[in-house]
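Chain by chain, the residues:
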There are 2 protein chains.
Amino acid sequence: MDRVTPSLKDKIMTAEQAAKIIKSGDTIAVSGFTSVSYPKAVPKALSERKDVKDCTLIVGAAVGDEIDGALVRNGIISKRFGHQSNKDLRKAVNAGTVQFSDVHISCLPMNMNQKTGPAIDVAIVECTAVTDKGLYFGLSEGTADAAVRNAKKVIIEVNESLPMGLMEMHDVFNVGLPPKARIIPIKKPNDRIGHPYIKIPKRRIAGIVMTKDLEPGQKFKPGNDVTEQIGKNIVDFLKGEIAAGRLPENPGPIQSGVGSVGNAVLETLASSGFKGLSMYTEVMQDSALTLLDKGVLDFISTSSVALCDDTRERFFKDIDKYKDKIIIRPNEISNNPEVVRRLGVISLNTALECDIYGNVNSTHVCGTKMMNGIGGSCDFARASRISIFSTPSVAKNGAISSIVPMVSHVDQCEHDVDVIVTEYGVADLRWKTPKERAKLIIENCAHPDYRPMLQEYFDHAMEVSAGKHTPHDLTQALSWHQRLLDNGTMKED
Amino acid sequence: MDRVTPSLKDKIMTAEQAAKIIKSGDTIAVSGFTSVSYPKAVPKALSERKDVKDCTLIVGAAVGDEIDGALVRNGIISKRFGHQSNKDLRKAVNAGTVQFSDVHISCLPMNMNQKTGPAIDVAIVECTAVTDKGLYFGLSEGTADAAVRNAKKVIIEVNESLPMGLMEMHDVFNVGLPPKARIIPIKKPNDRIGHPYIKIPKRRIAGIVMTKDLEPGQKFKPGNDVTEQIGKNIVDFLKGEIAAGRLPENPGPIQSGVGSVGNAVLETLASSGFKGLSMYTEVMQDSALTLLDKGVLDFISTSSVALCDDTRERFFKDIDKYKDKIIIRPNEISNNPEVVRRLGVISLNTALECDIYGNVNSTHVCGTKMMNGIGGSCDFARASRISIFSTPSVAKNGAISSIVPMVSHVDQCEHDVDVIVTEYGVADLRWKTPKERAKLIIENCAHPDYRPMLQEYFDHAMEVSAGKHTPHDLTQALSWHQRLLDNGTMKED
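A brief structural summary. (Residues numbered from 1 in each chain as written. Chains lettered and ligands numbered in written order. Predicted model: local features only at pLDDT ≥ 70, side-chain atom pairs only at ≥ 80, totals over all residues. Heavy atoms only, no water.)

Concerning a negative patch on the surface
Side chains of Glu456, Asp459, Glu463, Glu492 and Asp493 of chain A sit close together on the surface and give a patch of like negative charge. Here Asp459 of chain A is to be found in helix 16 (residues 451–464). (Patch = residues over 30% accessible without salt bridge, like charges linked within 9 Å, V, L, I, M, F, W, Y side chains within 5 Å. Areas by Shrake-Rupley, 256 points an atom, 1.4 Å probe, with all protein chains shown as cover. Salt bridge = Lys/Arg side-chain N within 4 Å of Asp/Glu carboxyl O. Lys, Arg positive; Asp, Glu negative; His and termini not counted. Charge placed at Lys NZ, Arg CZ, Asp CG, Glu CD. Helix = DSSP H or I, 4+ residues; strand = E, 2+ residues; numbered from the N terminus.)

Structure, rendered in structure tokens:
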């Protein structure tokens, strides 16, 4: 089968020709999620151009250095919407040279469809193939569907290194706009509700570029004793919920953020004898594929297949085996609170810091410096059956406590955080008052070095706020962060 | 028609007899929402008992003084879940004598159904009638359905002053538990999806008490120049969205929190010539009924019909006229993000304070003192098509600025707040960076007395945080609140 249907072959051009379609000041939306299946050839050609400036970039969530790195370093991008994880972009965001506006992952495509933001001039999307039916995306969907739907012109990179078997894995579904928005009829993670392709009229296809280069595989971040213990603590908690009858024997689909804690949880679930589990998540990593092979997982709904080089090779080779076990969905569906709540997803996300009352900061170091963005954590946390946030109890060799009196920025409010887990233990915050939460978090989760300091803060706050609902001393609530800024550690002399 | 079906007449008893069913340490769940259709007779009898202590109370949202006042003053309630608005309860919560745990309104019934909290010993619910089919609730649903579904014993107050016409207005729908949770098939505010009654086996009915007393009608809080101007600003903003094609001519159902701003918005919509609008909300007030009469609204989906005495009388008299124009739903449906997002609800909620980056505090005075609770604002704000928060620019005769450098507590994070409105103007925060938001909020929304102070904070924060993504000086971020605590004003000497 041809990668490009005959009727569209006249659209094929070089990356350099395609890059010329983009003008200064354009708003560009690209495919790509967790640096998987973003367009590479056209951005590379674009980054060579000296005459393009002040472009706005809209991305589902995080693309590779060819876009978030090179286009930023070369001054082509001055405004950026959506999650990011590139170090040069992060620097530019925190230096104010790139204007960055963050948004819940499930909301970005909705906002694009509702056309509340900048009009999209050009979409650039990586595809496996383009047939008479439409575009078949690659290893991720992200907001590629919304980009194609809303852009004036669409540039397609058809990557011939992507296996054709990927074509059947996608499930594109257009929710539509209120008052005619549709029910999302997913009742199980493996329900297919749409089409594996997205339609596009020929007149909006500005160019098709044939490519062969895959992006670099994900880098495996090995776990350590701490992440392993966090994983065990989470699985012990889940087993307790099952034993108490609050979760079914096969606990509801799992969502897991990127990182080694998610891997540790999956591996501990496997070694605990769980079988036939499923994931309803925005990204699947190597460990998930391994557990699919072992039958620990029997289905994965995701928006991105984010694998290391070796595992990706295995996945490509055996793709026929995985066709019925993985669905790749657009962000508007993978992260939609409607589905997350209905399925009873158990969400596992990482906190940058938590406070003693259960508020979570996922994004801002010391309240000011943006890390990667909010991602899908809010989409999942508020809608999930059990919202678990984990973090090692300390960072920077103990100079930073991940449990603080008051978080310096709130992404997840106290009502969206059911359980906090560190390597020291679990704080189950459900149905608890702020004061009860403080006790649990300090005693079960904080690092022993910081427990007395946290207890002292709480006791003092009880006193100065006369025991009010949420005790605080506003003159000291953020003093730990200030000490870190001043002295490089949250510890006192 | 009998209020109580013959087969259940043997369950009829006095309020005093029913109150004896409750024992010390029991967990009690009651009907009632915004102090409407909560049980009154049995709580009154219970409050006389000297031998009952340490009970836990679960309420959808806010009940009258017979419960949240008297049972607290008499030491019967020591723990309380769900939104509240009684002054004595608020005092007890902030004195630590009643343990209070707050929760999103849409989540409380879900949590009750999932049995993650205390087992419910007794439910007490006000009903219009009890037939062979089941219970027909009164002027509100709230979490009454979850209370009936999960309580070991159910006490029913059948209020003979409630018009029988109310029976047809209800629509009870049990979402169920994952992995078998159901799609909520509402596509328009007036879609009926369930039954007007809730089934209950006779063996779980512990008693039926016949009553006649209605709760006191709502107190009308008259608007003033400030709330009127806020209403006008909101309507001007909505008209602008329609003109720009970002909202349809008939903008999506409206949710409006309790209070005079909601009234002002509805009245301004009416005087602007809008017709055929609808509400998908948790509470309807007097003005909504008037607009239903005028055809400005043609349908209201709510969880509570909260009217002043006169209007309630008119509503009761003309109830046949309203039967097809109002549906009373349980909180799990009225506030469900699935439906709110699908319908494209425009949400109007009140902020206690906003910060210059768009975070909103809805609950905690100076970060410590609980006011009423989070209510349904989070349910609506994150899922709505446009999430609007309004507040007068100052409080306490100007001693308090509602716009502050950093809110002292975050209920709505920056990503859940689309638009902030005061009497001075509108800040449309969608797709804006934190720095752009600060400019808009300071210039358009802050009171002129506080604008220079806010600008000074922002400029200073830009400097000390070297222009990072969200500029702050953590030593000063909460200093306005501390000054208020110390000096009684946020203003500087």
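Read on for the rest.
What about the interface of chain B and chain A?
You'll often see interface size given as the accessible area lost when the parts meet. Contacts between the two partners involve 84 residues from chain B and, on the opposite side, 83 residues from chain A. Inspection of the chain B/chain A interface yields four salt bridges. Between Arg342 of chain A and Glu338 of chain B there is a salt bridge; the shortest N-O distance is 3.0 Å. Counting across the interface, chain B meets chain A through 30 residue pairs in polar contact (both at pLDDT 80 or more). In terms of residue class, the side of chain B that touches chain A is built from 34 nonpolar, 28 polar and 22 charged. (Contact = heavy atoms within 4.5 Å. Polar contact = N/O pair within 3.5 Å; in protein donor to acceptor, adjacent residues only side chain to side chain. Nonpolar A, V, L, I, M, F, W, Y, C, P; charged D, E, K, R; others polar.)

Structural notes on the pattern of salt bridges
Residues and elements named next belong to chain A. Counted by the stated rule, this structure contains 66 salt bridges over all chains. With its nearest N and O atoms 3.7 Å apart, the salt bridge here joins Asp293 to Lys321. Of this pair, Asp293 sits in helix 9 (residues 286–294) while Lys321 sits in helix 11 (residues 319–322), and the two are 28 residues apart along the sequence. A relative accessible area of 34% means that Asp293 is categorised as partly exposed. Here the salt bridges share partners, and the residues they tie into one network are Lys40, Glu126, Glu215, Asp309 and Arg312. (Buried < 20%, exposed > 50% of the residue type's maximum accessible area, 1.4 Å probe, protein only.)

Digging into the sheet that holds strand 21 (residues 403–404) of chain B
All names here are of chain B. If you trace the three strands from one edge of the open sheet to the other, you get 15-14-21, paired in mixed fashion. Of all the strands in the sheet, the pair left with one neighbour each is strand 15 (360–361) and strand 21. In this sheet, strand 15 lies alongside strand 14 (residues 353–355) in antiparallel orientation, the contact comprising two bridges. By the bridge assignment, Cys354 is partnered in strand 15 with Val360. (Pairing = 2+ DSSP bridges.)

Details of the sheet that holds strand 15 (residues 360–361) of chain A
Taken together, the three strands give an open sheet; going across it, the order is 15-14-21 (chain A), and neighbouring strands pair in mixed fashion. The open sheet terminates on both sides in strands that have one partner only, identified here as strand 15 and strand 21 (403–404) of chain A.

Observations concerning helix 7 (residues 225–243) of chain A
Since the α-helix advances by 3.6 residues per turn, residues separated by three or four positions end up pointing in the same direction. All names here are of chain A. With 19 residues, helix 7 extends 27 Å from end C-alpha to end C-alpha; this agrees with the ideal 27 Å at 1.5 Å per step. Along helix 7, the residues classified as buried are Thr227, Ile230, Gly231, Asn233, Ile234, Val235, Phe237, Leu238, Glu241 and Ile242. At its buried positions, helix 7 is contacted by helix 8 (260–271), strand 13 (346–350), strand 18 (386–390), strand 22 (419–422) and strand 23 (425–428). Measuring from the backbone nitrogen of Val226 back to the side-chain oxygen at the start of helix 7 gives 3.0 Å, which picks out Asn224 as the cap. Just past helix 7, the residue Gly245 takes up positive phi, approximately 80 degrees. (Expected span 1.5 Å × (residues − 1).)

Comments concerning the pairing of strand 23 of chain A
Of the two faces of strand 23 of chain A, only the one carrying Gly425 and Ala427 of chain A is buried; Val426 and Asp428 of chain A on the other face are not. Joining the antiparallel neighbours strand 22 of chain A and strand 23 of chain A is a turn of two residues.

Some words on the packing of aromatic side chains
Counted by the stated rule, this structure contains ten aromatic pairs over all chains. Between Trp431 of chain A and Phe81 of chain B, the ring centres sit 4.9 Å apart and the planes meet at 80 degrees, which makes this aromatic pair edge-to-face. With Trp431 of chain A in the loop between strand 23 and helix 15 (434–445) and Phe81 of chain B in strand 3 (residues 77–83), the pair connects residues from two separate chains. Three or more aromatic residues link up through ring pairs in this structure, and these residues are Phe315, Phe316 and Tyr322 of chain A. Here Arg451 of chain A stacks its cationic end above the ring of Tyr424 of chain A, 5.4 Å away from the centre of that ring. (Phe/Tyr/Trp six-rings, centres within 6.5 Å; stacked < 30°, edge-to-face > 60°. Lys NZ or Arg CZ within 6 Å of the ring centre and 35° of its normal.)

Points about unusual backbone geometry
For the bond running from Pro178 of chain A to Pro179 of chain A, omega is 5 degrees, close enough to zero to count as cis. With respect to the helices, strands and loops of the structure, Pro179 of chain A is situated in the loop between strand 7 (153–159) and strand 8 (205–211). The backbone phi angle of Ser37 of chain A is positive, close to 55 degrees, even though this residue is not glycine. With respect to the secondary-structure elements, Ser37 of chain A resides in the loop between strand 1 (27–33) and helix 2 (41–47). A residue is classified by how much of its surface remains accessible, and Ser37 of chain A, at 1% relative accessible area, is buried. Of note in this structure, Trp431 of chain B is not a glycine but carries a positive phi near 65 degrees.

Comments concerning the side chain of Asn94 of chain B
With respect to the helices and strands, the residue Asn94 of chain B is situated in helix 4 (residues 87–95). Beyond its immediate stretch of four places on either side in the chain, Asn94 of chain B contacts Ala466, Gly467, Lys468 and His469 of chain A together with Thr368, Lys369 and Met370 of chain B.

Observations regarding the relation of the copies chain B and chain A
Once turned by 180 degrees and shifted 0.0 Å along the axis, chain B lies on chain A with an RMSD of 0.0 Å. In symmetry terms, the pair is related by a two-fold rotation axis. Looking at the rotation axis and the C-alpha trace of chain B, the residue lying nearest is Glu338 of chain B, at 2.2 Å. With an isologous cut-off of 70% or more, the 99% of interface residues of chain B that recur at the interface of chain A puts this contact in the isologous class. (Least-squares fit on C-alpha atoms with pLDDT ≥ 70 in both.)

Concerning the environment of Glu267 of chain A
Mapped onto the elements of the fold, Glu267 of chain A is located in helix 8. In contact with Glu267 of chain A, other than residues within four places in its own chain, are Ser287 and Leu291 of chain A.

Details of the nonpolar core
Side chains that are nonpolar tend, in soluble globular proteins, to be buried together. If you look at the biggest cluster of nonpolar residues, it comprises 70 residues, and the most contacted ones within it are Ile356, Ile403 and Leu454 of chain A together with Ile356, Ile403 and Leu454 of chain B. If we skip the residues at most four places from it in the chain, Ile403 of chain B touches Cys354, Ile356, Ser393, Thr422, Ile441, Cys445, Ala446, Leu454 and Trp480 of chain B. (Core = buried A, V, L, I, M, F, W, Y, C linked by side-chain atoms within 4.5 Å.)

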